[in-house]
Amino acid sequence: MTGNEAAEASPAPQDRGPRGQSGLRGCPGPLSEHYDAALLDLDGVVYLGGSPIQGAADALAEAAKRGMKRAYVTNNASRSPNAIAAQLSAMGVPATAADIVTSAQAAAHVLADRLPAGAPVLVVGGTGLRLALRERGLRPVTTAADKPLAVVQGYSPDISYGLLAEAAVALNAGALYVASNADATLPTPRGPQPGNGSLVQVLVTATGREPVIAGKPEPPLHAESVQRVGAKRPLVVGDRLDTDIEGGVRGGAATLLVLTGVTRPADALLAGKQCRPSYIAPDLAGLNVSHPEVTAAGGGTFGCGGWTAEPGGDWLRVSGSGAWIDGLRALCAAAWSAGPPAGSPQEQRAAAEDVLRDIGRPA
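Sequence order as written defines the numbering, with residues in each chain counted from 1. Only residues with pLDDT of at least 70 are given local features in this predicted model, and only at 80 or more are side-chain atom pairs given and counted; all residues enter the totals for whole chains, interfaces and linings. The side-chain figures draw on all heavy atoms in the structure; neither hydrogens nor water molecules are used.

### Here we look at the overall build of the protein
Stated precisely, the cut-off is as follows: Put simply, DSSP marks the helices as runs of H or I at least four residues long and the strands as runs of E at least two long, and each gets a number from the N terminus on. Exposure categories follow from relative accessible area, calculated using a 1.4 Å probe and restricted to protein chains: below 20% of the type maximum is buried, above 50% is exposed, and the middle band is partly exposed. Contacts between residues were defined by any pair of non-hydrogen atoms, one from each residue, lying within 4.5 Å. Note that accessible areas follow from Shrake-Rupley with a 1.4 Å probe, and for residues the cover is restricted to the protein chains shown. Under the convention used here, Asp and Glu are negative, Lys and Arg are positive, and both His and the chain ends fall outside the count. Charge placement uses NZ in Lys and CZ in Arg. For Asp and Glu, CG and CD serve respectively.
Along its length, the protein carries 13 helices and 19 strands. Expressed as lengths along the three principal axes of its C-alpha atoms, the size of the protein is roughly 65 × 55 × 35 Å. Taken over 363 residues, the protein has a buried fraction of 53%. Across the protein, every contact between residues at least 6 apart in sequence was considered, and the portion connecting residues at least 24 apart equals 67%. For the protein, the accessible surface area stands at approximately 15000 Å², while carbon and sulfur atoms represent 51% of it. Positive and negative side-chain charges in the protein, numbering 30 and 33 respectively, have mean positions lying 4 Å apart.

Here it is as C-alpha cells:
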C-alpha cells in the first residue's frame, strides 16, 4: 500500500482537541500518511547553525517513502535556493532549488506586485535577496543616490552601518519598506543570536517607518509554499511558535512543533492561542509515528499516555508515568485550558519549568 492509499484507508486525524480546549490533535497513523505535504522550516528543524540534526535526514527519507511531498520554507533570506539545496543534499537530504521557498522570494513577490518592472530597490541583505529581486524583474541597488522606490531588508551577517544609513536616507525620502521576516533571533549551537527582526529595529528606530513583513508568520510566504508544492493537506513543521506555528495557524494548516531548535517545552506550555501547535514531537521522527489523543476528564483535567495533568498547587500538577512527550502533551492541554500562571513573565516561566520536572524533562 502506498502512502497516499494508506491516507485514504486510515481514519482521519481529529480536527479539534478534547472538547475544543486544546489545539492538540490525535492521529491514529503516521502524520506522513495523513498529510500530503510537509512545509518544513530549516534552521532548528533539519539543521542547526549549519550542522545536521541527528536523525533528520532519515526521518525525511521515511516520510518520502510514505508519499509525503516536502518543501523547505525558510525565513532566512541570506542565501539562494541553489545554495540551500546544495547544503541539504550534502547532509543526505536530496533537494533541488525548486524545493526551497525563502522569505527573500516572498519579499520579492510583494515588491513586484507593487512596483513597475525594472524598479530600483535598495537591498539591505545578502545574495539570496538580490537574486530573488532579479528573478522578479527588479533592479537591486546599494545607495540612496540610485533613487530606489523601495528598501528591502533580510538577514545577512555582513550588513554594515553604511548600508543601514543608505537605507534610512531612502526611507526618509519615501521609499516603500519591506522586510523578509521579523525573527528577533536565529538559532545557533551557541544559543540564540540576533536575527533580521533585531536589525530591522535599527531602521524602525531611526526612521519611524514600519516594514511590510513577507515571511512567517505573515501570509505571503505560507501561500507561496502551498502553491509551490501543490499541497491540499499541508502540515507546517517548525521549531518556532511565533513564526512557523503561528504562520501555519493563520494559514489554516495543521502544525507540528519539534523541540530541536528555539522553542523549549516551557515555551510550549505558555503558548498563546495563535501559536499552539496541532502536534508536538521531540524531532522529525514525529512525522512517521502516530500521535496519541489527549483526552479530557472534566474539571480542567487532561490525560495522554500514562500521564494526567490537572489544576493544582500554584498552577498545575501532573502524575503518572510513561514517555515524557506524552506528559508534555497532557500538560499543554491543561495549561492551554487553565491559562497562564499568575505573576510576571519570569514567574510564569519558573512555574512552567517547575511542573516539567515531574515528567523528567528539563524545561
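### Remarks on the sheet that holds strand S17 (residues 301-304)
To be explicit about the condition: Whether two strands pair depends on DSSP finding at least two bridges between them. Angles run from 0 to 180 degrees between N-to-C directions of axes, and those axes are lines fitted to C-alpha atoms, restricted for helices to the stretch in contact.
Spatially, S16-S17-S18-S19 is the arrangement adopted by the 4 strands of the open sheet, whose pairing is antiparallel. Looking at strand neighbours, the two that pair on one side only are strand S16 (295-298) and strand S19 (315-320), the edges of this open sheet. Across the sheet, the mean angle from the axis of one strand to that of its neighbour is 25 degrees, orientation sign disregarded. Across 3 bridges, the pairing between S16 and S17 is antiparallel. Within S17, the position partnered with Thr295 by the bridge is Gly303.

### Considerations on the environment of Tyr35
Here Tyr35 lies in the loop between helix H2 (31-34) and strand S1 (37-40). Along the backbone, Tyr35 and Ala231 are 196 residues apart, and their C-alpha atoms lie at a distance of 8.8 Å.

### Quick word on helix H6 (residues 127-135)
It helps to recall that an α-helix has 3.6 residues per turn; residues three or four apart then point in one direction. Rules: This arc corresponds to the set of directions leading from the helix axis out to the C-beta atoms.
Turning to H6, its buried residues are Gly128, Leu129, Ala132 and Leu133. Looking down the long axis of H6, one finds its buried residues gathered within 135 degrees of arc, a one-sided arrangement. Exposed residues pointing more than 90 degrees away from the buried face of H6 are listed as Thr127 and Glu135. Gly137 sits one or two residues past H6 and shows a positive phi near 80 degrees.

### Some thoughts on the side chain of Asp244
Short version of the rule: Definition of a polar contact: a pair of N or O atoms within 3.5 Å, with one able to donate and the other able to accept a hydrogen when the atoms are protein atoms, and with sequence-neighbouring residues admitted only if both atoms are side-chain atoms.
As for its position among the elements, Asp244 is in helix H10 (residues 241-250). A polar atom in the side chain of Asp244 sits 2.7 Å from the side chain of Lys216. Within the structure, Asp244 has its side chain in polar contact with the backbone nitrogen of Asp239 (distance 3.1 Å). Excluding residues within four positions of it along the chain, Asp244 makes contact with Asp41, Lys216, Val236, Gly238 and Asp239.

### Some details on unusual backbone geometry
Following Lys216, the chain continues into Pro217 via a peptide bond in cis, with omega recorded as 10 degrees. Mapped onto the elements of the fold, Pro217 is located in the loop between strand S12 (212-213) and helix H9 (219-229).

### Examining the sheet that holds strand S6 (residues 120-124)
The 5 strands are arranged S7-S6-S8-S9-S12 in an open sheet whose pairing can be described as parallel. This sheet does not close on itself; its edge strands, each paired only once, are strand S7 (139-141) and S12. Where strand S9 (residues 176-179) lies against S12, 2 bridges are found, and the strand directions are parallel. Counted as the bridge partner of Ala179 is Ile213 from S12. With respect to the sheet, helix H7 (residues 161-172) is in contact with S6, strand S8 (150-153) and S9, its orientation differing from that of S6 by roughly 140 degrees.

### As for the packing of H7 against helix H8 (residues 196-207)
Formally: Comment on the angle field: the value is read as roughly parallel under 35 degrees, roughly antiparallel over 145, roughly perpendicular from 65 to 115, and oblique elsewhere. By the definition used in this description, the sense in which the near helix is turned from the far one sets the handedness, with an anticlockwise turn below a right angle giving left-handed and a clockwise turn giving right-handed.
Where H7 meets H8, the closest approach of the two axes is 10 Å, and the angle between their N-to-C directions is 45 degrees. Comparing their axes, H8 and H7 come out oblique. You can see that H7 and H8 cross each other, and the crossing is right-handed. Here H7 contributes Leu164, Ala167, Ala168, Leu171 and Asn172 to the contact with H8, which in turn contributes Val202, Leu203 and Thr207.

### Remarks on the pairing of S1
Taking every second residue as pointing to the same face, both faces of S1 are buried, with Ala37 and Leu39 on one and Ala38 and Leu40 on the other. As paired elements, S1 and strand S4 (residues 69-74) share 4 bridges and run parallel to each other. Across the sheet, residue Ala38 finds its bridge partner in S4, namely Arg70. Here S1 runs beside strand S13 (residues 234-238); their pairing, made up of 4 bridges, is parallel. Residue Leu39 lies in a different strand from S13, and its bridge partner there is Val236.

### Notes on the pattern of salt bridges
Rule in force here: Each salt bridge in this description consists of a side-chain nitrogen of Lys or Arg and a carboxyl oxygen of Asp or Glu lying within 4 Å of one another.
Enumeration over the complete set of coordinates arrives at 13 salt bridges. Lys216 is the partner of Asp244 in a salt bridge, and the nearest nitrogen-oxygen pair spans 2.7 Å. Of this pair, Asp244 sits in helix H10 while Lys216 sits in the loop between S12 and H9; the two residues are 28 residues apart in sequence, bridging distant segments of the chain. Between Arg329 and Asp326 there is a salt bridge, with the nearest N and O atoms lying 2.7 Å from each other. Remark: Asp326 and Arg329 occur in helix H12 (residues 324-338); sequence separation between them is 3 residues, near one turn of the helix. Overall, the relative accessible area of 13% leaves Asp326 in the buried class. Taken together, the shared-partner salt bridges in this structure form one network comprising Glu33, Glu62 and Arg66.

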